[in-house]
Amino acid sequence: WLRGGTLAVALDNPLNSFNAVRLGAAALVVVSHSYYILGDGNASEPLAWSAYDLGALAVNMFFVLSGSMICRSLERNRDVSRYLRARLLRIYPGLIFAALVTALIIGPLGTTVSVEEYFEDQRLWLYPLTVAFDFAGASLPAFDHGLHETNASLWTIKFELLAYVGCLVLLAVGLMQDRR
């Protein structure tokens, strides 16, 4: 699909397959996580024998595609405030919505205490705010099912935010000036 073009040209083409590749990577993440969640936590997922298991392969696909897309976004429009607003709106509304669903629907169904105790715990009501800043480190009260954290899969968000800042640093030091 590049055929003599550049990655920038491919990203600008509305008929590119980047969203399909991202959807495929998301499916790989779901499959990878299902082995951990549905098993005893030690189940071998596909490709566990290789240098990159299925989950690592999918995450690397996301990082490469997302990195290319966010750099291209800033390259097309160098208005820093607009870029930051767009990047934050890409992360936080969905993150807060997921935190609310997790806290108010999934949490009461999976808590190890009574529902009344669960809703009386102040950590529950701080949970969406905690998720917004601590991502995978945030946890619900009395919600331990052998997993390390309530939202272990949110570990990538801090790296995405760092990538946003990294693109701004590249812009500030002039490394996004030359298209080569």
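Keep in mind the model is a prediction, meaning the values are calculated, not measured. (Residues numbered from 1 in each chain as written. Predicted model: local features only at pLDDT ≥ 70, side-chain atom pairs only at ≥ 80, totals over all residues. Heavy atoms only, no water.)

## Brief notes about the side chain of R87
Here R87 is to be found in helix α4 (residues 80-110). Put simply, R87 is tucked away with no salt bridge, and the nearest opposite charge, on E160, sits 5.7 Å away. Setting aside its immediate chain neighbours within four residues, R87 contacts I70, S73 and Y164. (Helix = DSSP H or I, 4+ residues; strand = E, 2+ residues; numbered from the N terminus. Buried < 20%, exposed > 50% of the residue type's maximum accessible area, 1.4 Å probe, protein only. Lys, Arg positive; Asp, Glu negative; His and termini not counted. Salt bridge = Lys/Arg side-chain N within 4 Å of Asp/Glu carboxyl O. Contact = heavy atoms within 4.5 Å.)

## Some details on the packing of aromatic side chains
Tallied over the full model, the rule gives five aromatic pairs. Ring geometry for Y83 and Y164: centres 6.5 Å apart, planes at 80°, overall edge-to-face. In this pair, Y83 sits in helix α4 while Y164 sits in helix α7 (residues 157-172), placing the two residues 81 residues apart along the sequence. Given the relative accessible area of 3%, Y83 is considered buried. (Phe/Tyr/Trp six-rings, centres within 6.5 Å; stacked < 30°, edge-to-face > 60°.)

## A short note on helix α6 (residues 122-134)
With 13 residues, α6 ought to run about 18 Å at 1.5 Å a step, and its terminal C-alpha atoms sit 17 Å apart, in line with that. Regarding α6, the residues found buried are L124, Y127, P128, V131 and A132. At its buried positions, α6 is contacted by α4 and α5 (115-120). One or two residues past the end of α6 sits F135, with phi positive at roughly 50°. (Expected span 1.5 Å × (residues − 1).)

## Points about the confidence of the model for the protein chain
Of all residues in the protein chain, 89% attain a pLDDT of 70 or more, and the chain-wide mean is 84. Per-residue pLDDT, averaged within each element of the protein chain, yields its smallest value for helix α1 (residues 7-12) (73) and its largest for α5 (94). (pLDDT = per-residue confidence, 0-100.)

## Topic: the environment of S32
Its place among the elements puts S32 in helix α2 (residues 18-38). Sequence spacing of S32 and P46 is 14 residues, and the spatial spacing of their C-alpha atoms is 7.5 Å. Other than its neighbours up to four places away in sequence, S32 contacts E45, L54 and G55. Of note is the side chain of S32, whose polar atom sits 3.3 Å from the backbone nitrogen of G55. (Polar contact = N/O pair within 3.5 Å; in protein donor to acceptor, adjacent residues only side chain to side chain.)

## Some points on the pattern of salt bridges
Pairing between side chains becomes possible if they bear opposite charge and their charged atoms approach one another. Under the criterion given, the structure shown has two salt bridges. Where E75 meets R72, a salt bridge forms, and the shortest distance between an N and an O atom there is 2.5 Å. Placement of both E75 and R72 in helix α3 (residues 54-76) is noted, with a separation of three residues, approximately one turn of the helix. On the basis of relative accessible area, E75 is assigned to the partly exposed category, the value being 22%. Between R123 and D121 there is a salt bridge, with the nearest N and O atoms lying 2.7 Å from each other.

## Brief notes about the nonpolar core
Membership of the largest hydrophobic core comes to 23 residues, with the highest contact counts inside it found for L74, Y83, L95, Y127, V131, L154 and I157. Secondary structure elements with two or more residues in this core: α3, α4, α6 and α7. Top contributing element to this core by residue count: α7, with six residues. Once residues lying within four places of it in the same chain are set aside, the contact partners of L95 are V131, A132, F135, L154 and I157. (Core = buried A, V, L, I, M, F, W, Y, C linked by side-chain atoms within 4.5 Å.)

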